[in-house]
Every structure is written in structure tokens, then in C-alpha cells.
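Analysis of the macromolecular model
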Amino acid sequence: MYEDYGEDNPLFNPMHIEDFLDEEKCRQRGAPHLYALAKSNFRQQNMAALRPVPTLCYSISVFVLIAAAAFAFGIPILGTSMLKIVMSGDIVEIKERYDNKCAIDDQSCVITINIDKKMEGTVHLYYELHSFFQNNRLYMKSINRKQLKGKSISSSTADSDCDPVAFIGSFTYGPAKKFAEERPNTRGQVAYPCGLVAQSFFNDRFAVRTKSGIPVRVDETRIAWSNDVNRFKNYGAPGNWQDMSDEHFIVWMRMSAMPDFRKHWGRIEHDLEPGEYEIVIENYYDVSRYSGKKYVVLSTTNAFGGKHYLLGGLLVGIGGLAVVLCVVFLIGYKAKEEKGKIPISTVNPDCRI
């Protein structure tokens, strides 16, 4: 098209920034779209924006709505929990700490509990851990959901999802470490299951008997959610160190939001008469590594479930805080109004938002 790259060649003379804003120059260069682009709202930083200015009535209205919603849910939940106290005739709970009484790897540690009141109906056995942060971000990420469904994963996927414990040889404690020590040829295999959550699986075991030595049957089935039980499956790999269909493992893998929590371990399907009972503990789980505590809990329930006040109390607390903030805003406004620091026109006296 052009014989040389002289001054008449548009490729020789690049457009300056201001040329883009000149529609005629853009047309001469055969690029009218550049003018439209340069004059666009995006380029000129003329995008529409919404910047609400909160007024006193607007702010108070928001906090009132928050308080109303929090009270609407929190009061019934907390009231239900308080009702359990009123109906305490059918809720009995015994809790005993045992990490300070049992040595690690003691397979026959015995603690004695005293039941003062008859425990009627199904008695639930729980373990309770304190200062264990299952909600830690890195801890929660160290898991692969696909392999929990009985499916194979590659080494790279395991290394990415389960770091720092993706392979059998990576485990530093617990049953997986023992598995690797007993089968050194599996150390390079992908662990099934892999990850920090699986490695920290709670593996203490409990048995209950009367003071005279008569065993009390503890049913260890139906302790996990049914949809979890249907989802967790084993995969026949050399690195399959844990039965992933074990309900105790399934219960553990549903992580807790709080550092102090209890998990279901079993059920006693008959009444427990008042008296002394012994709980025989196979004590494998070491909580001294993180200065934690371990408890064993026996509890009955009623139609409202077990004792639980956290959620209701939290919602009521949020509602109360919103009300306090409303009062603080009003007091602050009145104080400044009396000093003449707030022009009445800026307050939106008619409460039009």
C-alpha cells in the first residue's frame, strides 16, 4: 500500500494521547472506534456510582432491623434451652476429665463416675475436647473430599490438597504413623485418607461397666449423619491406613466451629440407675501437644435435644448490642445538637431515608 515508510505513512507517525480525543484525527487514521473508546465513561472515569450518606434515622433503622431479626431467632432458641432447665427432670449430664488421670497408651485406664439421679431413656456417650481449633483455615483446607468418597486421586492432587501430610511417610503421629512404621514399603504411597484433619483423628475408645464389673453395652452405630455415612467409602489402595466407613471417623471429619466441642461416640439404649460406674478408657490421643483437655460425657436428651445455649445467647447478644448502638447514636446526636454542632438540615428530621 505504501512504497516506503515516509511521513505520509500513518504507521510512521504514532498518535499522541490527546489525538485520541480528536474525532477528526481518529477518522483520518481510519480508527473512529478509538475516539469512542477514549470518550467512554470507563476511560474518563465517569462511571455511575452510588455513595449513600447515612443519616441518623437511616442508621438507627438498620440497627433496629438487625436487633429485630436477632431477637426473633435468638429468643426462641435461648428460650428452648432455658426450657430444658425447667424440664431438667429428664436431662441428666455427667462430665469427667480424664487426660490428667490416664497415661498415654494406657489401654485400661479406669475412671469412676457417680450418677446421683436415674438416667432414663437413651444415654449418649460423648468425648469433649478443649482448645482444639478445628476451624483453623490451614487445617480445614488439608483434606481431599474426593478420596473420602472412595475414589482414587493422583500424587499431585494429594500433594496440593493435603499438604503437609499427603503421603504415608508424611504423618508425624497417630495411627497413620504407626501404619507407616509397620509397612515401610508404603511410605511413598498416597495416604487414604490424607490431610491434617484425618491425621488428627480422635482414636480413644471407651467401655462402661458397673462398679461390680458388669459390662454396660454401648452401641457405636447410628452416631453419624446418615448422608455422611452414605458418602464415605473406602478405596483399596496400599496407603489405606484408616477405615473411612468407620462412623467414629465420619463424626470426626465433620469439623467443629468452636475450639471447645464434644462429639458423639455411642449410645446406651437403656436406663442407668443411680450408683457408681466405671469407664474403661483406651487412652491413645495425646492432647498435651497443644495443652488441651479431654472429657468423657454421659448425657440424656429430651424432645429439645441436649443442653446448648451458645447460638441463642449469641443471637440475643447481637440484638442487645444493636439496641445499645441505637441508644449511643441518639445520645451522641442529642449531645452535639445541644452544643449547636449539628445543623438541623443535615439530620433528616422527618426520617425520610
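What you see is a predicted model, and the numbers here were worked out from it, not measured in a lab.

Each value, and the rule that gives it
Residues numbered from 1 in each chain as written. Predicted model: local features only at pLDDT ≥ 70, side-chain atom pairs only at ≥ 80, totals over all residues. Heavy atoms only, no water. Helix = DSSP H or I, 4+ residues; strand = E, 2+ residues; numbered from the N terminus. Contact = heavy atoms within 4.5 Å. Areas by Shrake-Rupley, 256 points an atom, 1.4 Å probe, with all protein chains shown as cover. Polar contact = N/O pair within 3.5 Å; in protein donor to acceptor, adjacent residues only side chain to side chain. Pairing = 2+ DSSP bridges. Core = buried A, V, L, I, M, F, W, Y, C linked by side-chain atoms within 4.5 Å. Buried < 20%, exposed > 50% of the residue type's maximum accessible area, 1.4 Å probe, protein only. Disulfide = S-S within 2.5 Å. Axes fitted to C-alpha atoms, helices over the stretch in contact; angles between N-to-C directions. pLDDT = per-residue confidence, 0-100. Patch = residues over 30% accessible without salt bridge, like charges linked within 9 Å, V, L, I, M, F, W, Y side chains within 5 Å. Salt bridge = Lys/Arg side-chain N within 4 Å of Asp/Glu carboxyl O.

**Describing the overall build of the protein**
Counting its regular elements, the protein contains eleven helices and eight strands. Partitioning the contacts of the protein with sequence separation of at least 6, the portion at a separation of at least 24 is 77%. Here the protein displays about 21,000 Å² of accessible surface, and carbon together with sulfur accounts for 56% of that area.

**A short note on unusual backbone geometry**
With an omega of 15°, the peptide bond running from Asp163 to Pro164 counts as cis. Mapping Pro164 onto the fold places it in the loop between helix H6 (155–162) and helix H7 (174–182). A cis amide bond links Tyr192 with the next residue in sequence, Pro193, at an omega value of 0°. Relative to the helices and strands, Pro193 resides in the loop between H7 and helix H8 (196–199). Phi is positive for Asp105, close to 70°, though the residue is something other than glycine. By the element assignment, Asp105 lies in the loop between strand E1 (93–97) and strand E2 (106–115). The phi dihedral of Ser131 is positive, around 65°, even though this residue is not glycine.

**Considering the side chain of Thr186**
With respect to the element layout, Thr186 can be found in the loop between H7 and H8. Here the side chain of Thr186 touches Arg183 through a polar contact of 2.7 Å, landing on its backbone oxygen. Beyond its immediate sequence surroundings of up to four residues, Thr186 is in contact with Ile168, Phe179 and Pro238.

**What about the sheet that holds E2?**
Pairing within the open sheet is antiparallel, and its four strands lie in the order E2-E7-E4-E5. In this open sheet, the two strands that pair with only one neighbour each are E2 and strand E5 (215–216). Here strand E4 (residues 205–210) runs beside strand E7 (residues 275–283); their pairing, made up of six bridges, is antiparallel. Considered in E7, the bridge of Phe206 is made with Ile281.

**Describing the nonpolar core**
Ranked by internal contacts, the top residues of the largest apolar core, which has 61 residues, are Leu129, Phe206, Trp252, Leu272, Ile279 and Leu298. With five residues, helix H10 (residues 247–253) is the single largest residue contributor to this core. Here Trp252 is in contact with Tyr127, Leu129, Phe132, Gln134, Tyr139, Val197, Ser200, Phe201, Phe202, Phe261, Lys263 and Tyr285, once residues within four sequence places are set aside. Membership of the second largest hydrophobic core comes to seven residues, among which are Ala67, Ala322, Cys326 and Tyr333.

**What to know about the state of the cysteines**
On inspection of all chains with the given rule, the structure shows two disulfides. Linked covalently through their sulfurs, Cys162 and Cys194 form a disulfide whose S-S length is 2.0 Å. One end of the pair, Cys162, is in helix H6; the other, Cys194, is in the loop between H7 and H8, with 32 residues separating them in the sequence. As far as burial versus exposure is concerned, Cys162 and Cys194 are alike and both buried.

**Focus: the pairing of strand E6 (residues 261–268)**
Extensive coverage of E6 is indicated by the burial of seven of its eight residues. Of the pairings in the sheet, the one linking strand E3 (residues 123–130) to E6 comprises seven bridges and is antiparallel in character. When the sheet's bridge partners are listed, Leu129 is paired in E6 with Phe261.

**As for the sheet that holds E6**
Read from one edge to the other, the open sheet built from four strands follows the order E1-E8-E3-E6, with strand pairing classed as antiparallel. Single-partner strands in this sheet number two, and they are E1 and E6. Adjacent strand axes in the sheet meet at a mean angle of 20° when their direction is disregarded. In terms of strand pairing, E3 meets strand E8 (residues 293–299) through seven bridges, oriented antiparallel. Bridged to His130 within E8 is Lys293.

**Looking at the confidence of the model for the protein**
On average, residues of the protein score 82 in pLDDT, and 78% of them reach the 70 mark or higher. Counting interchain partners and residues more than four positions distant, the pLDDT-below-50 stretch residues 1–7 has eight contacts.

**A few points about a nonpolar patch on the surface**
Together, Tyr58, Val62, Ile66, Leu314 and Ile318 line one region of the surface with nonpolar side chains, adding up to about 400 Å² of accessible area. Contributing elements (two or more residues each) for the nonpolar patch: helix H3 (56–86) and helix H11 (310–338). Of all the elements, H3 adds the most residues to the nonpolar patch, at three residues. Among the structural elements, Leu314 can be located in helix H11.

**A few points about the pattern of salt bridges**
If you walk through the whole model with that rule in mind, you get 19 salt bridges. Among the salt bridges present, the one from Lys211 reaches Glu278, with a minimum N-O distance of 3.6 Å. Here Glu278 lies in strand E7 and Lys211 lies in the loop between E4 and E5, a separation of 67 residues in the sequence. Take Lys211: its relative accessible area is 44%, and that puts it in the partly exposed class. Overall, Glu278 belongs to the buried group, its relative accessible area being 11%.

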